[in-house]
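Chain and residue survey
Listed here are the chains, written in short residue letters.
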Amino acid sequence: MRKYLFAGNWKMNKTLKEVEDYFDKFLKKLSEINLSDREIMIAPPFTSLAYCQSILKDKPLKLGAQNSCWEEKGAFTGEISPKMLKELGVEYVILGHSERRHIFGETNEIIARRVEGVYKFGLIPILCVGETLEERNKGKTLEVVETQLSEGLKAIKEIKENEPVIAYEPVWAIGTGITATPEQAEEVHLFIREKLKKLYSEEIAGKIRILYGGSVTPDNIKDLMKKPNIDGVLVGGASLDPEKFFKICSIKVEKE
Ligand code: PEP
């Protein structure tokens, strides 16, 4: 069975003081959850990683980063390397998020380099894919997802361990309050799983976790998680509130 992953993406939010307040509340609650079937991860801004590492020591909460360069060091102003992230206890790195693609112009090629660099360093890339509303309305959802997936993973020829994670995040659902229906999400997740079988093997595709992201809340999480190919969620807005995120992370998963 795939271990569920409940991941929070804080984006460019929270000062150190706010991070401290958040964990005061969240960590108290975390001890109430049975974590045997799931992992919980938070990706704070780079500026809080060192602090998070110190307070999350021995806590069952994984640390993520919101981007990474592919090189270990060098003349890459404004970038952070996988080696630096590893030193700070980071295990997961979100890559190809729609905000990186659409606001900062990251291409499939740049994202593929990031994915490769992170993977080579033993970190787990979370590769985000997803169509815009215009692409969905033109019936291009699967085509767009297929390209982003195969291009994003193209440098990873063989997977032995540390399987990458895929996050299906329809752009029209991110931060809009409009969630894909569980059926819409499952259709794409199943498509991704089939594509992964072709790229790798049935065994590897069966191990890769596929997350859904886009306006996930405590109210819609249960129905989304019922679907067989939804292995977890990537949560933006609702992960900023410790109570809401705890509710999301602690739901009982009941598959259809
Ligand atoms: C995200 O940024 O990855 C995301 C899914 O945001 P939100 O949950 O706010 O839609």
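Scroll up a little and you will see the structure.
Here's a quick rundown of the structure. Since the model is a prediction, treat every value here as computed from it, not as a measurement.

The rules we used
- Residues numbered from 1 in each chain as written.
- Predicted model: local features only at pLDDT ≥ 70, side-chain atom pairs only at ≥ 80, totals over all residues.
- Heavy atoms only, no water.
- Near = heavy atom within 4 Å.
- Polar contact = N/O pair within 3.5 Å; in protein donor to acceptor, adjacent residues only side chain to side chain.
- Areas by Shrake-Rupley, 256 points an atom, 1.4 Å probe, with all protein chains shown as cover.
- Nonpolar A, V, L, I, M, F, W, Y, C, P; charged D, E, K, R; others polar.
- Salt bridge = Lys/Arg side-chain N within 4 Å of Asp/Glu carboxyl O.
- Buried < 20%, exposed > 50% of the residue type's maximum accessible area, 1.4 Å probe, protein only.
- Phe/Tyr/Trp six-rings, centres within 6.5 Å; stacked < 30°, edge-to-face > 60°.
- Helix = DSSP H or I, 4+ residues; strand = E, 2+ residues; numbered from the N terminus.
- Lys NZ or Arg CZ within 6 Å of the ring centre and 35° of its normal.
- Contact = heavy atoms within 4.5 Å.

**Some thoughts on the site of the ligand**
Close contacts around the ligand come from 14 residues, with Lys 11, Glu 169, Gly 175, Ser 215 and Gly 236 the closest. In this structure, an oxygen atom belonging to the ligand sits 2.6 Å away from a side-chain N or O atom of Lys 11. Here an oxygen atom of the ligand sits 2.8 Å away from a polar atom, N or O, in the main chain of Gly 236. Burial of the ligand by the protein amounts to 95% of the accessible area it has alone, namely 290 Å². Considering only residue class, the shell around the ligand consists of 4 nonpolar, 8 polar and 2 charged.

**Regarding the pattern of salt bridges**
One pass over the full model with this rule turns up 24 salt bridges. Linking Glu 254 and Lys 252 is a salt bridge whose minimum nitrogen-to-oxygen distance equals 3.4 Å. A relative accessible area of 57% means that Lys 252 is categorised as exposed. Sharing partners across several salt bridges, the network here consists of Glu 39, Lys 62, Glu 91 and Arg 209.

**Here's the deal with the packing of aromatic side chains**
Evaluation of the coordinates by the stated rule reveals 8 aromatic pairs. Judged by centre distance (5.8 Å) and plane angle (35°), the ring pair of Trp 10 and Phe 23 falls under tilted. Note that Trp 10 is positioned in the loop between strand S1 (4-9) and helix H1 (16-30) and Phe 23 in helix H1, a separation of 13 residues in sequence. Both residues of the pair, Trp 10 and Phe 23, belong to the buried class. Three or more aromatic residues joined by ring pairs make a cluster, and in this case those are Trp 10, Tyr 22, Phe 23, Phe 26, Phe 245 and Phe 246. Over the aromatic face of Trp 10 sits the side chain of Lys 14, whose NZ or CZ is 5.5 Å from the ring centroid. Across from the ring centre of Phe 104, 4.2 Å away, lies the NZ or CZ of Arg 100, which sits over that ring.

**Quick notes on the environment of Thr 147**
When you line up the elements, Thr 147 lands in helix H7 (residues 141-152). The partly exposed category is assigned to Thr 147, whose relative accessible area is 39%. For Thr 147 and Val 233, which are 86 residues apart along the polypeptide, the C-alpha to C-alpha distance reads 22 Å. Aside from chain neighbours lying at most four places away, what touches Thr 147 is Asn 108 and Gly 152.

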